[in-house]
Every structure is written in structure tokens, then in C-alpha cells.
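Structure at a glance
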Amino acid sequence: MSNGDLISELYAGCFRRLVVQLYAVTGDLTEAQEAVQEAFTRALVSPRRFAALENPEAWLRRVAVNWARSRYRRRRVLDGLLRRIGPPPAVADHSPEHLALLAALRVLPEGQRHALALHYLVDLPVDEVAATLGVSSGTVKSRLSRGRVALAALLTDTDTSDTTTTTSTGTGTGTGTKCATDATETGRIDVRS
């Protein structure tokens, strides 16, 4: 049996059992699954050494428990630091305008969205946005220009007849939703970026 077959067989045979055991240790199912997956990942790094173990399942369990304990310690340290720093910063604005802007940004192509967010929301200059995204300044300027045009189209208020059409078709309830829906359906957004 090859080393890869041994690991596959162990994964099929003991993954669930190990997750249940780690769930008892961590008290969190997701954390337990991640710990066991990390143990199997480490076994895959050196499959020959793993295949030579006398009790591979015990080794996987030990690695998973150690990983979970280390992660718990790091999280405790971070929680302590965060308590010393104080309360988190103010929660983001939940006004209708802010929510409409976020919804419109999600509709934009990734390149335009990243450029707009970094330039206007993070307040980075064009050159720094270009360095962050790994593109030229000209590309950033182009994305900013196209993104502004697309956002303007998405955020433009429409008359009430458009809103009632949207509500009756079930695609949205408000003007901002109508604009976002219209823009994607009619193709007014330039997706070349």
C-alpha cells in the first residue's frame, strides 16, 4: 500500500472519530474539524515518515490536540490585548445611503470595486492604490473613472414608476435596489477591468 493510500484510508476511517474527540477537547465543532484537517495536512507533508509510525491515528490526535491548544493560547493572548486596548471602534454607518453605496459597490467588477474602496474609502493616493493592487497607475485611474460612472448609474434616483415596477416583479423594494437590478440587467456597467 502506498503512503498516499494509507493516508486516504486513515482519513476515511478515522476523520469523524477524531473530530468527535477534538470536539470534546475544544467545545467547538468548527475548531475541531480544523484541528483534524491540520493534522492530516501535516501528515501529507511527510507521508513516508507518517507511514512508518506505529500508531498513526494516535499521532494525528496528538497533532490535532496540540494545534488546538496552541490556537487557544494565541486567542487568549489576543483577547487580553484587545481588552487592554478598549472597546472596538464605532460600528459602520447603517444609514440607507451607506447601505445603498455598499450594495452598489458589490455589483461592480472586482477591479473597480477595489480601486474605488482603496482610493475613496481608505483615502490612498492613486500611486499607492496601484502598488497595493499590483497594477499601473493608469489602470487604477481607468478603473476609478469607470467605477464612478457605474456607481453613478447604480445610485441615481429613479422615478416612482420604476420603483413600483421593481416591487411588483419581486426583485427589490426600494430605489437603490431598483438601480442595482437595472444596472445588472441592462448591462450599463462596464465590466472590462
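For the structure itself, look to the data block above.
Fair warning: this is a prediction, and the values are worked out from it, not measured in the lab.

The helix and strand inventory of the protein chain stands at 10 helices and 0 strands. Listing each helix as α and each strand as β along the protein chain from the N terminus yields α-α-α-α-α-α-α-α-α-α. Burial status across the protein chain gives 30% buried among its 193 residues. A fraction of 55% describes how many contacts in the protein chain between residues 6 or more apart in sequence connect residues 24 or more apart.

Leaving glycine out, the prevailing phi sign among residues is negative, and the prevailing peptide bond configuration is trans. One non-glycine residue, D123, adopts positive backbone phi at about 65 degrees. One can find D123 in the loop between helix 6 (110–121) and helix 7 (126–133).

Right, let's get into the side chain of H119. Its location among the elements puts H119 in helix 6. Beyond its immediate sequence surroundings of up to four residues, H119 is in contact with L124, P125, V126, V129 and L144.

Turning to helix 7, a few remarks are in order. Within helix 7, the full set of buried residues consists of V126, V129 and A130. Buried residues of helix 7 fall within an arc of 100 degrees about the axis and therefore sit on the same side. Among the exposed residues of helix 7, those pointing more than 90 degrees away from its buried face are D127, A131 and T132. Looking at the buried residues of helix 7, the elements they touch are helix 6 and helix 8 (137–155). Just past helix 7, the residue G134 takes up positive phi, approximately 75 degrees.

Moving on, we get to the nonpolar core. Grouped together as the largest cluster of nonpolar side chains are 21 residues, with contacts concentrated most on L22, V36, F40, F50 and L60. The leading source of residues in this core is helix 1 (residues 3–26), at 8 residues. Leave out the neighbours within four places in its chain, and V36 touches F15, L18, V19, L22 and A64. Among the nonpolar cores identified, the runner-up in size contains 15 residues, and L118, V129, V140 and L151 belong to it.

On to a nonpolar patch on the surface, then. On the surface, a cluster of nonpolar side chains totalling about 310 Å² of accessible area is made up of L78, L82 and I85. With respect to the helices and strands, I85 occurs in helix 4 (residues 56–85).

The next point concerns the packing of helix 2 (residues 29–45) against helix 4. Taken N-terminus to C-terminus, the directions of helix 2 and helix 4 make an angle of 125 degrees; their axes are 8 Å apart at the nearest point. It follows from the interaxial angle that helix 2 and helix 4 lie oblique. The two elements helix 2 and helix 4 meet at a crossing, and its hand is right-handed. Note on element contacts: helix 4 touches helix 2 through W59, L60, V63, A64, W67, A68, R71 and R75, opposite E31, E34, A35, V36, E38, A39, F40, R42 and A43. A class-by-class count of the residues in the contact of helix 2 with helix 4 yields 11 nonpolar, no polar and 6 charged.

Relative to each other, helix 7 and helix 8 sit at 105 degrees, their axes nearing to 8 Å. In terms of orientation, helix 7 and helix 8 fall into the roughly perpendicular class. Contact residues: helix 7 offers V126, D127, V129, A130 and L133, while helix 8 offers S137, V140, K141, R143 and L144.

Counting through the fold element by element, R69 comes out in helix 4. For R69, a relative accessible area of 46% corresponds to the partly exposed category. R69 sits 44 residues away from V25 along the chain, and the two C-alpha atoms are 9.1 Å apart.

A few words now on the packing of aromatic side chains. Within this structure, the stated rule accounts for 4 aromatic pairs. Here the aromatic rings of Y11 and F40 are separated by 5.0 Å at their centres, their planes lie at 75 degrees, and the arrangement is edge-to-face. Pair noted here: Y11 is in helix 1 and F40 is in helix 2, with a separation of 29 residues, a long-range link. The partly exposed category is assigned to Y11, whose relative accessible area is 39%. By the ring-pair criterion, three or more aromatic residues cluster together here, those being Y11, F15 and F40.

Analysis parameters
- Residues numbered from 1 in each chain as written.
- Predicted model: local features only at pLDDT ≥ 70, side-chain atom pairs only at ≥ 80, totals over all residues.
- Heavy atoms only, no water.
- Helix = DSSP H or I, 4+ residues; strand = E, 2+ residues; numbered from the N terminus.
- Buried < 20%, exposed > 50% of the residue type's maximum accessible area, 1.4 Å probe, protein only.
- Contact = heavy atoms within 4.5 Å.
- Arc of directions from axis to C-beta.
- Core = buried A, V, L, I, M, F, W, Y, C linked by side-chain atoms within 4.5 Å.
- Patch = residues over 30% accessible without salt bridge, like charges linked within 9 Å, V, L, I, M, F, W, Y side chains within 5 Å.
- Areas by Shrake-Rupley, 256 points an atom, 1.4 Å probe, with all protein chains shown as cover.
- Salt bridge = Lys/Arg side-chain N within 4 Å of Asp/Glu carboxyl O.
- Axes fitted to C-alpha atoms, helices over the stretch in contact; angles between N-to-C directions.
- Parallel < 35°, antiparallel > 145°, perpendicular 65-115°, else oblique.
- Left-handed = near helix turned anticlockwise from the far one by under 90°.
- Nonpolar A, V, L, I, M, F, W, Y, C, P; charged D, E, K, R; others polar.
- Phe/Tyr/Trp six-rings, centres within 6.5 Å; stacked < 30°, edge-to-face > 60°.

Just distances and angles here, no functional claims.
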